[in-house]
Amino acid sequence: MDFYIDVILPLPLDNLFTYKVNEEEADFLNPGARVAVPFGKTKIYTGIVSKIHNEKPLVYEAKPIEQILDKTSIVTITQLEFWFWVSRYYMCTVGEVMKAALPGAFLLESETLIELDKTFDHDHVSLNDQEYLIVEALQRQSTLKINEIMQLLDRKMVLPLVNSMVAKNILLINQEIFEQYKPRLLRYVKLDERYTKEAEMHKLLDDLSKAPKQREAILTWFQYYGNSKKPVLLKTLSDESGVSASVIKALIDKEVFVEYHLKTDRIQFDLDDVEQTFLLNEWQEKAFNEIQEGLENDEVCLLHGVTSSGKTEIYIKSIEKIIAQGKQVLYLLPEIALTSQLVSRLQAYFGEQVLVYHSKYSINERMEVYTHVLNKSSKARIILGARSSIFLPFQDLGLIVVDEEHETTFKQFDPAPRYNARDAAVVLASIHSGKVILGSATPSLESFYNATHNKYKLVTLDRRFGNVQLPEIEIVDLQEKYKKKKMTGHFSDKLLKEIKLTLEEGEQVILFQNRRGYSPILECTTCGHSPQCPNCDVSLTYHNFSNQLRCHYCGYHMAMQKQCMACGSVDLTTKGFGTEQIETELKALLPDAKIGRMDLDTTRGKHGHQKIISAFEQEAIDVLVGTQMLSKGLDFRKVRLVGIMNADNLLNFPDFRAHERSFQLMLQVAGRAGRTKNRGKVLIQTYNPHHRIVQQVSTGDYLGMFNEQLEDRYQYKYPPFYKLVKFTLKSRDYSKTNEAAEWFSLALKNVFQEHVLGPEFPPVARIRNEYYKNILLKIPPKQSLGKTKAHINKILTSFNSIGNWRAVRVIINVDPY
Ligand code: ADP
Ligand code: ZN
Ligand code: ZN
């Protein structure tokens, strides 16, 4: 009898590949183990065994495998089941799912680049001959391909060796983004205790009469501390006194100043006094009990709790119950970078049992977490992660918490699998017979619909923790303010007044503008020309700080133009405004305030987010201007005022979810105000003060918004009633993209008739010199999903057989929102 295995390869190819094994290998292998297999003429890939069987493939001769890479499987049977579900539901290949699911280090292939780990200590690790050869070669040239290592060692079977060297931290897989997750520390200085006595102080100043710079530093410190009574950053001291950091360092060495650090991801309760002892208040307790009861019958529970109602504490108690049963818990977050506060909170509570998983972690960290989860180690009881963590090898998953479940970051847009981690989490939990808690102050329409139609259990929490009132929300009519000349730049008199008042009382302000850069469009007043990106169909955005025009789609940039590129006129104006302009205007209006900005441009570096969040927490910033990053669950203690600079560009966004999204964004940003004692205030500037959404935000009327939007969705045949599949055709050839899209939509219309919309060019129809065209398919509630997808696949197969359109790619996006 012959033995064969079906192997999943990390490639966008539809079928699994069958390889030949001998009886012994067939016996040894289990589904989920890695094998190295030849592919094409020269390539070697790492694949995952999905099935072991005796059926000879009909159309090709099965090749033998190169080698078995694992003694025990690294992918579980439930994972394989989940992968196949993702591939079926989101219409991608299981190879694409595998690529997204496994840390890159598991998937070495002949083209993978290897380099030396910089931290590797040559003197203290003994290497065998082959390891030595590789290390030596990498000291001469910085990277090697696996292929080249094969030549170097004159053998084919190098993957296990390379794998083990990666595990021993000798080698690194190249092309990975390394981003360690470490709490950042800011440096502060204070005066040594001794000098708090006046006499000592005077003596010190006398002693330093010959060191004027050191003296200056001390006097500045006094002045600064005396005025603000806040911790003094070393950097601030140096800036304010004009004295260099080395002078301050000298004072630290003399023990005049004491240097200390404050953790940037400030744990709001000190680690010492947490000690797992907090109690839920009456309302939290009630919600907690309702959730537990609900989950006895339902698989999914939606916790609708207003901002700052203490949802996190309810999750914590629920998690505690599950890990006490020896099960694993997955805590899904929309974005790790923005949620360091939460990471510390959970780590403070659960300590060693929490691991964080993030696609930007170094390859070793990711492999480590993966292995801990696979082995069900005690370190991996609770996994905190962004969307990709649904692919970890859970053994016994008791609970998935999806925090801020309305966030769009749970959806992966590119590349395939284009999954929504929140929706996939529900399936994943059911495979494990586990439960799901979805939580949000502004649930997605889909989830709330499910919760009000007996699919999910609904639990409501409508009080803030500590009985703080929800912020008072006021609308400012921009049209009227402009007419009455009550505007300074983009600030209404009302907003300015409130900002000043808040700052005078020593509290903080958040200003929200959902656009980065200085102003989106530079326009010539003579001929109307505005500079365009050469690669994309979009105007360039003016960035004042770098004095550049930039494309937000492809990163193209050029120096700011002094003259119109079309007619040479010097009369140029800017249209629209972004965060940078708000920051600039405010600096001119309030020269004494410390103003910070948080958007994609200021948070690029490794710890970009962290730096700004902590500076704001430490009150090194008074007013924080930012984009929607500010809406993501941050918990600041001293924010009294939130200003939404312009509600209209949110509302006018061309998308069927624009109104729902605007409501969520505005209410979430508003929720950053007044989280502790004093009631917060929110001002919304808009040209449409009577817009339903603006009104609903101002009264916090989630139900009103829900009912009205649902009506629209019903009327216009959108989710949650109809399902959507979006097809994007793209190529570098304009007319081919066009023709192909016509053909494709006709083929779809033959089957689905009026439920096919398009083809249509998206608002930005050319990006990086590729042309895009979209087709939308709406699937009515009663139409079978399986049959619909079968039809689509047939059409796709015919399409792919047309040689003329080989260069046109079809991207399928199921639930494209
Ligand atoms: P949400 O996630 O609902 O916006 P949080 O969970 O961030 O709200 O809670 C708001 C604030 O109240 C946090 O600072 C949190 O530490 C505090 N808090 C909530 N519940 C409790 C509790 N039971 N005991 C102590 N502090 C709590
Ligand atoms: Zn011009
Ligand atoms: Zn561009």
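This text gives an overview of the structure that appears in the document. Everything numeric here is computed off the predicted structure, so don't read it as measured data.

Turning our attention to the overall build of the protein chain. Each helix and strand counted, the protein chain has 27 helices and 37 strands in total. Scaling as 2.2 N^0.38, a compact globule of 817 residues should have a C-alpha radius of gyration of about 28 Å, and the protein chain matches this with 30 Å. Counting only C-alpha atoms, the protein chain reaches 95 × 70 × 70 Å along its principal axes. Burial statistics for the protein chain: of 817 residues in total, 55% are counted as buried.

Okay, the sheet that holds strand β1 (residues 3-8) next. Sheet architecture is open: six strands sit in the order β5-β2-β1-β4-β3-β6, paired in mixed fashion. Since the sheet does not close on itself, it has two edges, and those belong to β5 (63-64) and β6 (67-68), each with one partner. Here strand β3 (residues 34-39) runs beside β6; their pairing, made up of two bridges, is antiparallel. Its bridge partner being in β6, V35 is matched across the sheet by I68.

Where nonpolar side chains cluster on the molecular surface, the patch consists of L58, V59 and Y60 and spans about 400 Å² of accessible area. Tracing the backbone through its elements, the reader meets V59 in the loop between β4 (43-53) and β5.

This brings us to the packing of aromatic side chains. According to the stated counting rule, one finds 33 aromatic pairs in the structure shown. Pairing W743 with W805 gives two aromatic rings, centres 6.0 Å apart and planes at 65 degrees, and the pair type is edge-to-face. Taken together, the positions of W743 in helix α26 (residues 734-752) and W805 in the loop between α27 (785-800) and β37 (809-814) put the pair 62 residues apart, joining distant regions of the chain. Members of the aromatic cluster, each reached through a chain of ring pairs, are F82, W85, Y89, Y90, F391 and Y419.

On to the side chain of T312. Its place among the elements puts T312 in helix α13 (residues 311-324). Look past the residues within four positions of T312 in its chain and what remains in contact with it is Y331, L342 and R345.

The subject of this paragraph is the coordination of the zinc ion (ligand 3). The coordination sphere of the zinc ion (ligand 3), as far as protein atoms go, consists of C533 (SG), C536 (SG), C551 (SG) and C554 (SG), spread over 2.2 to 2.4 Å. With four donor atoms in place around the zinc ion (ligand 3) and angles of 103 to 115 degrees between them, the coordination shape is tetrahedral. As a motif over one chain, the donors of the zinc ion (ligand 3) read C-x2-C-x14-C-x2-C. Judged on exposure class, the residue C533 and its partner C536 are both buried.

Let us now look at the site of ligand 1. The local shell around ligand 1 holds 19 residues, among which L279, Q284, S308, T312 and D635 are the closest. Contact between ligand 1 and S308: an oxygen atom at 2.6 Å from a main-chain N or O atom of the residue. A total of 560 Å² of accessible area belongs to ligand 1 in isolation, and the protein chains cover 89% of it. Broken down by element, the residue count for the shell around ligand 1 peaks at three residues, all from α13. Residue classes in the shell around ligand 1 are distributed as six nonpolar, seven polar and six charged.

Geometry sets the ideal angles at a metal, namely 109.5 degrees for four tetrahedral donors and 90 or 180 degrees for six octahedral donors. Protein-derived ligands of the zinc ion (ligand 2) are C524 (SG), C527 (SG), C564 (SG) and C567 (SG), with the metal-ligand distances lying across 2.3 to 2.4 Å. In this structure, the zinc ion (ligand 2) is surrounded by four donor atoms whose angles at the metal cover 107 to 112 degrees, and the resulting shape is tetrahedral. Along the chain, the residues donating to the zinc ion (ligand 2) fall in the pattern C-x2-C-x36-C-x2-C. With relative accessibility at 1%, the residue C524 sits in the buried group. Judged by its relative accessible area of 40%, C527 is partly exposed.

This brings us to the packing of helix α24 (residues 692-699) against helix α25 (residues 702-715). Running from N to C, α24 and α25 cross one another at 155 degrees; their axes reach a closest spacing of 9 Å. On the basis of their axis angle, the class for α24 and α25 is roughly antiparallel. Residues R692, I693 and Q696 of α24 lie in contact with α25, whose contacting residues are G704, M705, E708 and Q709. Looking at the contact of α24 with α25 residue by residue, the class counts come to two nonpolar, three polar and two charged.

Attention now moves to the sheet that holds strand β26 (residues 548-550). Strand order in the open sheet formed by three strands is β25-β26-β27, with antiparallel pairing between adjacent strands. The open sheet has two free edges, formed respectively by β25 (541-543) and β27 (557-559), since each of these has just one partner strand. The sheet shows a mean angle of 30 degrees between the axes of neighbouring strands, direction not considered. Inspection of the sheet shows β26 paired to β27 by three bridges, in the antiparallel sense. Looking at the pairing, R550 lines up with H557 of β27.

Next up on the list: the side chain of N646. With respect to the element layout, N646 can be found in the loop between β31 (639-644) and α22 (648-651). There is a polar contact of 3.2 Å between the side chain of N646 and the backbone nitrogen of N649. Setting aside its immediate chain neighbours within four residues, N646 contacts Q513, F577, Q685 and Y687.

Further remarks concern helix α17 (residues 445-452). In terms of residue burial, α17 counts as a mostly covered element, since seven of its eight residues are buried. Taken as a whole, α17 has its buried residues at L445, E446, S447, F448, Y449, N450 and A451. Packing partners of the buried residues in α17 comprise β13 (300-305), α16 (421-431), β18 (435-440), β19 (457-461), α23 (658-670) and α25. Note on α17: the residue one or two positions beyond its end, N454, has a positive phi of about 60 degrees.

Below, the discussion takes up the packing of helix α2 (residues 77-89) against helix α3 (residues 94-101). Between α2 and α3, the least distance of the axes is 8 Å, while the angle of their chain directions is 120 degrees. With respect to their mutual orientation, α2 and α3 come out oblique. Along this stretch, α2 crosses α3, giving a crossing that reads as right-handed. Of the residues in α3, those in contact with W83, F84, V86 and S87 of α2 are V94, V97, M98 and A101.

For the rest of this paragraph, the subject is the nonpolar core. Counting 144 residues, the largest nonpolar core has W83 and F727 as the members making the most contacts within it. For this core, the element with the most residues is α16, which contributes eight residues.

A word on the environment of D477. Mapping D477 onto the fold places it in strand β20 (residues 472-477). Relative accessible area serves as the criterion here: at 24%, D477 is assigned to the partly exposed category. Remark: the alpha-carbon pair of D477 and L600, spanning 123 residues in sequence, is separated by 29 Å. Not counting the four nearest positions on each side in its chain, D477 is found in contact with T686 and P689. There is a polar contact of 3.0 Å between the side chain of D477 and the backbone nitrogen of Q479.

Taking 1.5 Å per residue as the helical rise, helix α8 (residues 212-228) with its 17 residues ought to reach 24 Å, and the 24 Å between its terminal C-alpha atoms agrees with that figure. For α8, every residue scored as buried is listed here: Q214, A217, I218, T220, W221 and Y224. Projected down its long axis, α8 carries its buried residues within an arc of 165 degrees, all on one side. Structural note: α8 exposes P212, Q223 and N227 on the side pointing more than 90 degrees away from its buried face.

Calculation notes
- Residues numbered from 1 in each chain as written.
- Chains lettered and ligands numbered in written order.
- Predicted model: local features only at pLDDT ≥ 70, side-chain atom pairs only at ≥ 80, totals over all residues.
- Heavy atoms only, no water.
- Helix = DSSP H or I, 4+ residues; strand = E, 2+ residues; numbered from the N terminus.
- Rg over C-alpha atoms; globule rule 2.2 N^0.38 Å.
- Buried < 20%, exposed > 50% of the residue type's maximum accessible area, 1.4 Å probe, protein only.
- Pairing = 2+ DSSP bridges.
- Patch = residues over 30% accessible without salt bridge, like charges linked within 9 Å, V, L, I, M, F, W, Y side chains within 5 Å.
- Areas by Shrake-Rupley, 256 points an atom, 1.4 Å probe, with all protein chains shown as cover.
- Salt bridge = Lys/Arg side-chain N within 4 Å of Asp/Glu carboxyl O.
- Phe/Tyr/Trp six-rings, centres within 6.5 Å; stacked < 30°, edge-to-face > 60°.
- Contact = heavy atoms within 4.5 Å.
- Donors = N, O, S within 2.8 Å, 3.2 Å for Na, K, Ca; no water.
- Tetrahedral: all angles 85-135°; square planar, octahedral: opposite > 155°, others 65-115°.
- Near = heavy atom within 4 Å.
- Polar contact = N/O pair within 3.5 Å; in protein donor to acceptor, adjacent residues only side chain to side chain.
- Nonpolar A, V, L, I, M, F, W, Y, C, P; charged D, E, K, R; others polar.
- Axes fitted to C-alpha atoms, helices over the stretch in contact; angles between N-to-C directions.
- Parallel < 35°, antiparallel > 145°, perpendicular 65-115°, else oblique.
- Left-handed = near helix turned anticlockwise from the far one by under 90°.
- Core = buried A, V, L, I, M, F, W, Y, C linked by side-chain atoms within 4.5 Å.
- Expected span 1.5 Å × (residues − 1).
- Arc of directions from axis to C-beta.

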